[in-house]
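Here's the letter readout for the chains.
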Amino acid sequence: MEEQTIELILLRHGQSTLNSKNLFCGWIDPPLTEIGVEQAKTAAREIQKHLSSTSKPSVSFCSRLVRTKQTLLTILGELDELSNNEVQETSENVIIEKQKPLVFEKVPTNPSINESGYKFYSSWRLNERHYGSWQGQNKKKVLNIVGDKEYMQVRRDYEGRPPDVNLDKEMEQKQDGHEEHLSGNDEYEFKEPNRCEKYKMEYQFGDVSLPISESLSDVLARMTPLLEDFIIPEIINSENKIGMIIAHGSSIRAMLMKLLGLDATEIKGVNIPNGMPMIVKLSYEKWKNNNYKVKFIDRYYLDPELAAKKAEQVKNEGRN
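How each quantity is defined
Residues numbered from 1 in each chain as written. Predicted model: local features only at pLDDT ≥ 70, side-chain atom pairs only at ≥ 80, totals over all residues. Heavy atoms only, no water. 1 Å grid on protein atoms, 1.4 Å probe; cavity = no way out; pocket = protein on both sides within 12 Å on 5 of 7 lines; lining within 4 Å. Points joined across faces, edges and corners; volume = space filled by probe spheres on them. Helix = DSSP H or I, 4+ residues; strand = E, 2+ residues; numbered from the N terminus. Nonpolar A, V, L, I, M, F, W, Y, C, P; charged D, E, K, R; others polar. Pairing = 2+ DSSP bridges. Axes fitted to C-alpha atoms, helices over the stretch in contact; angles between N-to-C directions. Contact = heavy atoms within 4.5 Å. Buried < 20%, exposed > 50% of the residue type's maximum accessible area, 1.4 Å probe, protein only. Salt bridge = Lys/Arg side-chain N within 4 Å of Asp/Glu carboxyl O.

Engineer: Teacher, can you tell me more about empty space enclosed by the protein here?
Structural biologist: Left-over empty space is what a probe sized like a water molecule reveals as it rolls over the atoms. Throughout the structure, instances matching the rule amount to 2 cavities of 30 Å³ or more. There is about 40 Å³ of room inside the second largest cavity. Together, L10, L11, R12, I252, I272, P273, M276, M278 and Y301 line the second largest cavity. In terms of residue count, the dominant contributor to the lining of the second largest cavity is strand β1 (residues 4-12) (3 residues). Looking at the lining of the second largest cavity, its residues break down into 8 nonpolar, no polar and 1 charged.

Engineer: Sorry if this is basic, but what is going on with the sheet that holds strand β4 (residues 102-108) here?
Structural biologist: Strands belonging to one sheet form pairs held by backbone hydrogen bonds; the direction of such a pair is parallel or antiparallel. A sheet is described by the order of its strands in space; here 8 strands give the open sequence β4-β3-β5-β2-β6-β1-β7-β8, paired in mixed fashion. Here the strands that pair on one side only, and so sit at the sheet edges, are β4 and β8 (292-301). Sheet twist, expressed as the mean angle between neighbouring strand axes with direction ignored, is 25°. Looking at chain direction, β1 and strand β6 (residues 242-247) are connected through 6 bridges and run parallel. Bridge pairing in β6 places R12 opposite A247. Each of β1, β6, β7 (278-286) and β8 touches helix α8 (residues 249-260); the most contacted strand, β1, lies at about 155° to it.

Engineer: What exactly am I supposed to notice about the pairing of strand β5 (residues 118-123) here?
Structural biologist: Burial runs high along β5: 5 of the 6 residues are buried. Bridging between strand β3 (residues 90-99) and β5 involves 5 bridges; their strand directions are parallel. When the bridges of β5 are listed, S91 appears paired with K119.

Engineer: Please explain the pattern of salt bridges as it appears in this structure.
Structural biologist: Here the idea is simple: oppositely charged side chains can pair when their charged atoms come close. Counted under the stated rule, the structure contains 15 salt bridges. For D29, the salt bridge is made with K198, and the minimal N-O distance between the two is 2.6 Å. Of this pair, D29 sits in the loop between β1 and α1 (34-51) while K198 sits in helix α5 (residues 195-198), and the two are 169 residues apart along the sequence. An identical accessibility class is assigned to D29 and K198; each is buried. K200 is the salt-bridge partner of E197, the closest N and O atoms lying 3.7 Å from each other. The exposure class assigned to K200 is partly exposed, which follows from its relative accessible area of 41%. Linked through salt bridges whose partners overlap, the residues forming this network are K98, K100 and E105.

And the structure:
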């Protein structure tokens, strides 16, 4: 039997307004900067050259945070223009999970256009790692307070987890005074958006329990079911068997752990820069219970030299 393959285009979103200020972002929901939009357009040009025989991936995925959706829509629009195609209307479906055991369902955000145009899917399971009470805090300030050992342990150790956030205080505005602590909100005007509003569809149609702080191991645990039970099957059953995933540094690192079989030590040296498309090729075969067994073949950046340079910058964030 001839080996069947699929291809994943992985991309960390373009620069956000918090990235530009060197703040821990996590589940805070800022938009892209102008630089971030340009990064998405540059990524689209690289992806278009790579695809050559097809205009764009058959199916795409992003997190529930606006910076990935904005990156995705920018790339899709640019790919249409580069291919001289009419820019298609896009329709977002939120991936809802239900415990029976865990299954995933698609809920259109706008049912009126769900039957036309290009469809993409979003899920909180692709969100950035939740940085707990560090969210909204300046990285260099955190480093100075907790010290290099704890700072790097939380940032890069597989089980490193920042202190839990107090969601009751997330919407409090900046207070007078400049206390040296990590639980206040003196670095940014807001933190995580109100969960009941942001994740209304998940609460209304699904069964979800959202985190207040996460390690990379937590991200891997919540991302893996979505990858195995929804994303991989959707790509396998798509027209050109190419899927694009716009996510975050931590969720992409967790995905690489799963797909490449990296361990907790190996993943420490993996840093994901903004806006640099990575290709992951997999072979697959049908497995029991209509599941698929996948095998890693290859992975590479479309611009490896620039990606390596920018990954080193990510590694040293807060230390410079």
